[in-house]
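As a plain string of letters, each chain reads:
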Amino acid sequence: PDTSCGKGFDNLVKGSQDYFRTAAVELWTHPSHVTDNATFEAEFECWFASMCTTKCGGLPSQADARKKELTQKCLSVQVDWLKVWNMFSEEEVKWFKKYYPSDEVNEEGESMVHYKQAME
């Protein structure tokens, strides 16, 4: 079975599913991205389920240290993705790059294609 989505979104406890649903509505408010949560729903559910299942590789929570600032940046229409990305710790960046489900699957001489292309 495809384990890139952890145990799968439908197998998460209801509280985790509810948290995700609320976050998906609250975070996608930028005028250029207001429907991204619906457009990429399956992909976001997959990544969320993977993070929940693996507990982000056992990385320590950063919620107490950055939740307020991260929330402000994520909700701002003035802040770009790089400012959010730069809030990741070195360990988080390594974990993300290793486990984010988007591997290249193209044959030699073909255009670049990724497994779970929408995750790119």
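Residues numbered from 1 in each chain as written. Predicted model: local features only at pLDDT ≥ 70, side-chain atom pairs only at ≥ 80, totals over all residues. Heavy atoms only, no water.

## Here's the deal with unusual backbone geometry
To be explicit about the condition: Secondary structure follows DSSP: runs of H or I at least 4 residues long count as helices, runs of E at least 2 residues long count as strands, and numbering of each begins at the N terminus. Burial classification: accessible surface area is computed with a 1.4 Å probe over protein chains only, and a residue below 20% of its type maximum counts as buried, one above 50% as exposed, and the rest as partly exposed.
Positive phi values are uncommon outside glycine, yet K55 reaches one of about 50°. Positionally, K55 belongs in the loop between helix 3 (41–54) and helix 4 (63–75). The backbone phi angle of C56 is positive, close to 50°, even though this residue is not glycine. Mapping C56 onto the fold places it in the loop between helix 3 and helix 4. Given a relative accessible area of 26%, C56 falls into the partly exposed group.

## A closer look at helix 1 (residues 14–27)
Note the following rule: Residue count minus one, scaled by 1.5 Å, sets the expected span of a helix. By arc we mean the arc of the directions from the helix axis to the C-beta atoms, nothing more. Two residues qualify as a contact provided that any one of their heavy atoms is within 4.5 Å of a heavy atom in the partner residue.
Helix length check: helix 1, at 14 residues, gives a terminal C-alpha distance of 20 Å against a target of 20 Å (1.5 Å per residue), a fit within 8%. Taken residue by residue, helix 1 has F20, A23 and A24 as its buried positions. All buried residues of helix 1 lie within an arc of 100° about the axis, which places them on one face of the element. For helix 1, exposure combined with an orientation more than 90 degrees from the buried face picks out K14 and V25. Here the buried face of helix 1 lies against helix 2 (36–39) and helix 3.

## What to know about the nonpolar core
Quick reminder of the rule: Each nonpolar core is a collection of buried residues, namely Ala, Val, Leu, Ile, Met, Phe, Trp, Tyr and Cys, held together in the definition by side-chain atoms within 4.5 Å.
Counting 6 residues, the largest nonpolar core is built from F9, L12, F20, A24, F48 and A49. The set of elements that each furnish at least two residues to this core consists of helix 1 and helix 3. Beyond its immediate stretch of four places on either side in the chain, A49 contacts C5, G6, G8, F9 and L12.

## Quick notes on the pattern of salt bridges
Short version of the rule: Any Lys or Arg side-chain nitrogen located within 4 Å of an Asp or Glu carboxyl oxygen qualifies as a salt bridge.
Following the criterion strictly, the structure yields 7 salt bridges and no others. A salt bridge links K73 to E69; its shortest N-O distance comes to 3.1 Å. Placement of the pair is K73 and E69 together in helix 4, with a separation of 4 residues, close to one helical turn. Two residues, K94 and E90, come together in a salt bridge whose shortest N-O distance is 3.4 Å. Of this pair, K94 and E90 both sit in helix 6 (residues 90–99), separated by 4 residues, roughly a single helical turn. We note that K94, like E90, is exposed. Through salt bridges with shared partners, one network takes in R21, E41 and E45.

## Some thoughts on the confidence of the model for the protein chain
Short version of the rule: Every residue gets a pLDDT, meaning the predictor's confidence in that residue, from 0 to 100.
Taken residue by residue, the protein chain gives an average pLDDT of 87. The fraction at 70 or more is 86%. Helix 2 is the least confidently modelled element of the protein chain, averaging 90 in pLDDT, while helix 1 averages 95, the highest of any element.

## Re the environment of T71
What counts, and what does not: Within 3.5 Å is the distance limit for a polar contact, defined as a pair of N or O atoms, with the added protein rule that one can donate a hydrogen and the other accept it, and that residues adjacent in sequence qualify only through two side-chain atoms.
Position of T71 relative to the elements: it lies in helix 4. A polar atom in the side chain of T71 sits 2.8 Å from the backbone oxygen of K67.

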